[in-house]
Amino acid sequence: MIIDEQMWKQALAYEACNYLNRKVSPQELVGEAGVFERDELDPDLLPTDSNSILPVRVIAYVYDIAGTDLMAYALVGLESETFYLMGLFKDGRLVWFEEG
C-alpha cells in the first residue's frame with residue numbers, strides 16, 4: 001500500500017485530539033520534511049528501541065500543531081512508501097508514538 005502525507009497527518013491529528021481533548025484538524029499541522037541519517041535523529045524524541053526498526057536514512061516530517069505546545073513527527077522511507085514511526089512530543093518528552 002502506498003502511503004502519503006495526508007494519511008499520517010490525519011493519524012497525528014487524531015492522536016493530538018485524544019491527547020488534548022479537543023478537535024485538531026490535519027490542516028493545523030504545519031511543518032517541513034528533511035532527509036536524515038538514523039544517527040542524526042534526537043534519541044530523546046524516539047522510543048528506546050526505535051533504531052532496530054529504522055533504516056539508515058529516513059524522511060522526517062516534523063510539524064507544529066497550531067495553538068498548542070505539541071509537536072508531531074512521522075518517519076518514512078525515502079520513497080515515502082514505507083511508514084516507520086510517528087509520535088507526539090511535548091516539552092522535549094515523547095508522549096505518544098506508533099510504529100508502522
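One can find the structure itself at the top, above this paragraph.
Residues numbered from 1 in each chain as written. Predicted model: local features only at pLDDT ≥ 70, side-chain atom pairs only at ≥ 80, totals over all residues. Heavy atoms only, no water.

**Student:** For this particular structure, what's the right way to read the overall build of the protein?
**Tutor:** For the protein, the count of helices and strands is 1 helix and 5 strands. Scaling as 2.2 N^0.38, a compact globule of 100 residues should have a C-alpha radius of gyration of about 13 Å, and the protein matches this with 13 Å. Dimensions of the protein, computed from C-alpha atoms along their principal axes, come out at roughly 35 × 30 × 20 Å. Taken across its 100 residues, the protein has 42% of its residues classed as buried. Relative to all contacts within the protein whose residues are 6 or more apart in sequence, the contacts with residues 24 or more apart total 47%. (Helix = DSSP H or I, 4+ residues; strand = E, 2+ residues; numbered from the N terminus. Rg over C-alpha atoms; globule rule 2.2 N^0.38 Å. Buried < 20%, exposed > 50% of the residue type's maximum accessible area, 1.4 Å probe, protein only. Contact = heavy atoms within 4.5 Å.)

**Student:** How do you make sense of the sheet that holds strand β5 (residues 93-99) when you look at a structure like this?
**Tutor:** Sheets are built from strands that pair by backbone hydrogen bonding, the pairs being arranged parallel or antiparallel. Read from one edge of the open sheet, 5 strands run β1-β2-β3-β4-β5, paired in antiparallel fashion. Only two strands of the sheet have a single neighbouring strand rather than two, namely β1 (29-37) and β5. Taking each pair of neighbouring strands and ignoring which way they run, the sheet shows an average axis angle of 20°. Where strand β4 (residues 83-90) meets β5, 6 bridges bridge the pair, whose relative direction is antiparallel. (Pairing = 2+ DSSP bridges. Axes fitted to C-alpha atoms, helices over the stretch in contact; angles between N-to-C directions.)

**Student:** Would you explain helix α1 (residues 5-20) in this entry?
**Tutor:** The α-helix advances 3.6 residues per turn, and as a result positions three or four apart in sequence lie on the same side. For α1, built from 16 residues, the straight-helix expectation of 22 Å at 1.5 Å per residue is met to within 8% by its first-to-last C-alpha distance of 22 Å. Buried residues of α1: W8, K9, L12, A13, E15, A16 and C17, and no others. Turning to α1, the residues buried within the fold contact β1, β2 (57-65), β3 (70-76), β4 and β5. Backbone geometry just after α1 places N21 at a positive phi near 60°. (Expected span 1.5 Å × (residues − 1).)

**Student:** How should I be thinking about the pairing of β4 in this particular structure?
**Tutor:** For a regular strand, side chains alternate in direction, first toward one face of the sheet and then toward the other. When you tally the buried positions in β4, you get 7 out of 8 residues, the bulk of the element. Relative to β4, β3 runs antiparallel, the two sharing 7 bridges. The residue bridging L75 from the neighbouring strand is L85, located in β4. In this structure, the hairpin formed by β3 and β4 is closed by a connection of 6 residues, where S80 is found at a positive phi of approximately 55°. Count of turn residues in the β4/β5 antiparallel hairpin: 2 residues, of which D91 carries a positive phi of about 50°.

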